[in-house]
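Each chain is listed here by its residues.
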Amino acid sequence: MPQYVVLQHHTPGDCPISSKGAREWMKKILPEVEGNAKKFGVKFVVPYIHLDPSHKGLMLLEAPNAEAIRDFLMQAGFFHILDMELYLVTPLSEFVKDVDKIPTVYP
């Protein structure tokens with residue numbers, strides 16, 4: 001199944017450490033995150049992690065397609081306080097198998 005990385009970040013003012021509203025929201029949604037993911041066929045490969053000491057989070061997920069990840073993130077409500085980037089993940093061992101098929105630019 002394809003794997004995806006979601007990088008999340010927010011401003012210090014939107015941080016659950018700084019904002020009472022963001023703190024209450026995070027305390028409410030975090031226990032429901034994995035259940036919401038399952039509704040869309042999304043599975044956490046590693047636990048949802050915080051990138052200390054920044055205002056960033058990381059999810060490594062398996063899902064049938066990118067739309068399932070998008071729908072999960074929207075339904076879970078992450079967009080309320082987080083900006084997110086979604087990437088398809090390829091293990092380097094798989095990526096280098098086809099490297100010679102990609103034309104080079106520099107001699």
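Residues numbered from 1 in each chain as written. Predicted model: local features only at pLDDT ≥ 70, side-chain atom pairs only at ≥ 80, totals over all residues. Heavy atoms only, no water.

Some points on the pairing of strand S4 (residues 56-62)
Alright, step 1. For S4, a buried count of five out of seven residues is recorded, marking the element as mostly surrounded by other parts of the structure.
Alright, step 2. Of the pairings in the sheet, the one linking strand S1 (residues 3-9) to S4 comprises seven bridges and is antiparallel in character. Residue Gln8 lies in a different strand from S4, and its bridge partner there is Gly57.
Alright, step 3. Two strands pair when backbone bridges link them, and strand S3 (residues 49-51) and S4 are joined in this way by three bridges, in the antiparallel orientation. Within S4, the position partnered with Leu51 by the bridge is Lys56.
Alright, step 4. Here S3 folds back onto S4 in antiparallel fashion, the turn holding four residues. (Buried < 20%, exposed > 50% of the residue type's maximum accessible area, 1.4 Å probe, protein only. Helix = DSSP H or I, 4+ residues; strand = E, 2+ residues; numbered from the N terminus. Pairing = 2+ DSSP bridges.)

Brief notes about the layout of surface pockets
Taking a probe equal in size to a water molecule and rolling it over the atoms shows the remaining empty space.
Alright, step 1. Size it by volume and the largest pocket reaches roughly 300 Å³.
Alright, step 2. For the largest pocket, the lining is made up of 18 residues, of which His10, Pro16, Met26, Tyr48 and His50 are closest to its centre.
Alright, step 3. Secondary-structure elements contributing two or more residues to the lining of the largest pocket are helix H1 (20-29), S3 and S4.
Alright, step 4. In terms of residue class, the lining of the largest pocket is made up of ten nonpolar, six polar and two charged. (1 Å grid on protein atoms, 1.4 Å probe; cavity = no way out; pocket = protein on both sides within 12 Å on 5 of 7 lines; lining within 4 Å. Points joined across faces, edges and corners; volume = space filled by probe spheres on them. Nonpolar A, V, L, I, M, F, W, Y, C, P; charged D, E, K, R; others polar.)

Description of the nonpolar core
Alright, step 1. Counting 21 residues, the largest nonpolar core has Val42, Met59, Leu61, Ile69, Phe72 and Phe78 as the members making the most contacts within it.
Alright, step 2. With five residues, the top contributor of residues to this core is helix H3 (residues 66-76). (Core = buried A, V, L, I, M, F, W, Y, C linked by side-chain atoms within 4.5 Å.)

A short note on a nonpolar patch on the surface
Alright, step 1. On the surface, Leu92, Phe95, Val96, Val99 and Ile102 cluster together into a nonpolar patch covering about 470 Å² of accessible area.
Alright, step 2. Given the relative accessible area of 38%, Val99 is considered partly exposed. (Patch = residues over 30% accessible without salt bridge, like charges linked within 9 Å, V, L, I, M, F, W, Y side chains within 5 Å. Areas by Shrake-Rupley, 256 points an atom, 1.4 Å probe, with all protein chains shown as cover. Salt bridge = Lys/Arg side-chain N within 4 Å of Asp/Glu carboxyl O.)

A closer look at the side chain of Gln8
Alright, step 1. Positionally, Gln8 belongs in strand S1.
Alright, step 2. Polar side-chain contacts of Gln8 include one of 2.5 Å to the side chain of Tyr48.
Alright, step 3. Each residue touching Gln8, except ones within four places of it in the same chain, is listed here: Tyr48, His55, Lys56, Gly57, Met59, Leu73, Phe78, Leu82, Asp83 and Met84. (Polar contact = N/O pair within 3.5 Å; in protein donor to acceptor, adjacent residues only side chain to side chain. Contact = heavy atoms within 4.5 Å.)

A look at the pairing of S1
Alright, step 1. Where S1 meets strand S5 (residues 83-89), seven bridges bridge the pair, whose relative direction is antiparallel. Residue pairing for S5: His9 is matched across the bridge by Asp83.

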